[in-house]
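Structure at a glance
Given next are the chains, with one letter for each unit.
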Amino acid sequence: MRYAVAHGRRAGRGGAAELGARAVTRLRATGHEVVEVTAGTLEEARAACGALVADGVDVLAVAGGDGIVSLATDLCAGTGTAVAVLPAGTGNDAARALGIPLRPEGSLEVLLHGAPRTLDTLHVPELDRSVLTNVLGALDARIAHRATLLPRRLGPATYTVATLVEIARLPRQEPLHYRLAIDGESRDLDAYVVVAANLAFVGGGLQIAPDADPADGLLDLVVVRPVGPLDALRVLAAVRAGRHPELPEVDVVRAASVRIEGPGDVLAHGDGEPLGPLPLTVTVRPSSLQVIAPPLA
């Protein structure tokens, strides 16, 4: 088979480069044709990997965080190229949700011996962008942005620290006003969290959509209505345990599409990466991506 293995030099505090190199060595040792892509930026990786996908490479393996997984998703959705995830970033939410081990040796075993799994993706038509995990459109998007400003040495705790900082600011903020068009039906509401989820996890292991099924043709729309700081901490604890759907402040709706209209200063994020300001539409593209994954239990 023809493989491309891409990794960044900085993701995962250097671990991506080592993991990517190991993947290249292991694949070549088993007789596969491999092109190694070493990129200093996501833009460089996009250009190089895009050319390989256009040339029909069988598998694009990416070592790094959810940002480079998102890039691979955007390039490979709707093509014949499968994505393989070698987690070496801060959050690794895509790998966690798909059961791909976060340990290097475990993820290499999945690369070598896993099987293609057909998944849905989320599509943002205004940007023609495909997303694998989730789209954040409220306070959660502000948390994702703040996380990018925190020191990298925080590692997996980055999102939690960013969340606590934003929770502390709640008494000084007005509730965020939204109009959501869910499968064409409009709702006006105030919310602190608006997440269109395809996979369960966000922010390095928070179970924002614990029952999300990336092969059901639907997204899980998670909405948390305004709460005070102390209640926000309670909701955060419930999210960690995946128990928040039963809380009265939380709504979870399954839908094929949602249009999110809200504050113009909210920069929506997809797979933890900036997308653009609201309004944005998120639609499900059923069975649009092949991912190399462990067998389903």
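Before reading on, note that the structure itself is shown above.
Cut-offs applied
- Residues numbered from 1 in each chain as written.
- Predicted model: local features only at pLDDT ≥ 70, side-chain atom pairs only at ≥ 80, totals over all residues.
- Heavy atoms only, no water.
- Helix = DSSP H or I, 4+ residues; strand = E, 2+ residues; numbered from the N terminus.
- Buried < 20%, exposed > 50% of the residue type's maximum accessible area, 1.4 Å probe, protein only.
- Contact = heavy atoms within 4.5 Å.
- Polar contact = N/O pair within 3.5 Å; in protein donor to acceptor, adjacent residues only side chain to side chain.
- Core = buried A, V, L, I, M, F, W, Y, C linked by side-chain atoms within 4.5 Å.
- Phe/Tyr/Trp six-rings, centres within 6.5 Å; stacked < 30°, edge-to-face > 60°.
- Lys NZ or Arg CZ within 6 Å of the ring centre and 35° of its normal.
- Axes fitted to C-alpha atoms, helices over the stretch in contact; angles between N-to-C directions.
- Parallel < 35°, antiparallel > 145°, perpendicular 65-115°, else oblique.
- Left-handed = near helix turned anticlockwise from the far one by under 90°.
- Nonpolar A, V, L, I, M, F, W, Y, C, P; charged D, E, K, R; others polar.

**A word on the environment of Asp213**
With respect to the secondary-structure elements, Asp213 resides in the loop between strand 12 (206-207) and strand 13 (219-224). Asp213 sits in the partly exposed class, given a relative accessible area of 34%. Separated by 116 residues in the primary sequence, Asp213 and Ala97 place their C-alpha atoms 9.9 Å from one another. What Asp213 contacts, discounting residues up to four positions off in sequence, is Asp120, Asn198 and Leu218. Of note is the side chain of Asp213, whose polar atom sits 2.9 Å from the backbone nitrogen of Ala215.

**Looking at the nonpolar core**
Formed by 44 residues in total, the largest nonpolar core has its most connected members in Tyr178, Leu180, Leu219 and Val258. If sequence neighbours within four positions are ignored, Val258 has contacts with Leu180, Ala181, Ile182, Ala196, Leu219, Leu221, Leu280, Thr281 and Val282. Ala6, Val53, Val83 and Leu132 belong to the second-largest nonpolar core, a separate cluster that totals 28 residues.

**Quick word on the packing of aromatic side chains**
The full count for this structure, using the stated rule, is zero aromatic pairs. Above the plane of the ring of Phe201 lies Arg96, whose end atom (NZ or CZ) is 5.9 Å from the centre.

**Side note on the packing of helix 1 (residues 15-29) against helix 5 (residues 104-113)**
The contact between helix 1 and helix 5 brings their axes to 11 Å, and the two run at 40°. Judged by the angle between their axes, helix 1 and helix 5 are oblique. Two packed elements cross with a definite hand, and for helix 1 against helix 5 that hand is right-handed. Along the contact surface, helix 1 presents Leu19, Arg22, Ala23, Arg26 and Leu27, while helix 5 presents Pro104, Glu105, Ser107, Leu108, Glu109, Leu111 and Leu112. Split into classes, the residues belonging to the contact of helix 1 with helix 5 amount to seven nonpolar, one polar and four charged.

**Overview of the packing of helix 2 (residues 42-54) against helix 3 (residues 66-76)**
How two helices sit against one another is set out by the angle between their axes and by the gap between those axes. Between helix 2 and helix 3, the least distance of the axes is 10 Å, while the angle of their chain directions is 35°. Taken as a pair, helix 2 and helix 3 cross one another with a handedness that is right-handed. Contact residues: helix 2 offers Leu42, Ala45, Arg46, Cys49, Gly50 and Val53, while helix 3 offers Gly67, Ile68, Leu71, Asp74, Leu75 and Cys76. Residues that form the contact of helix 2 with helix 3 fall into these classes: eight nonpolar, two polar and two charged.

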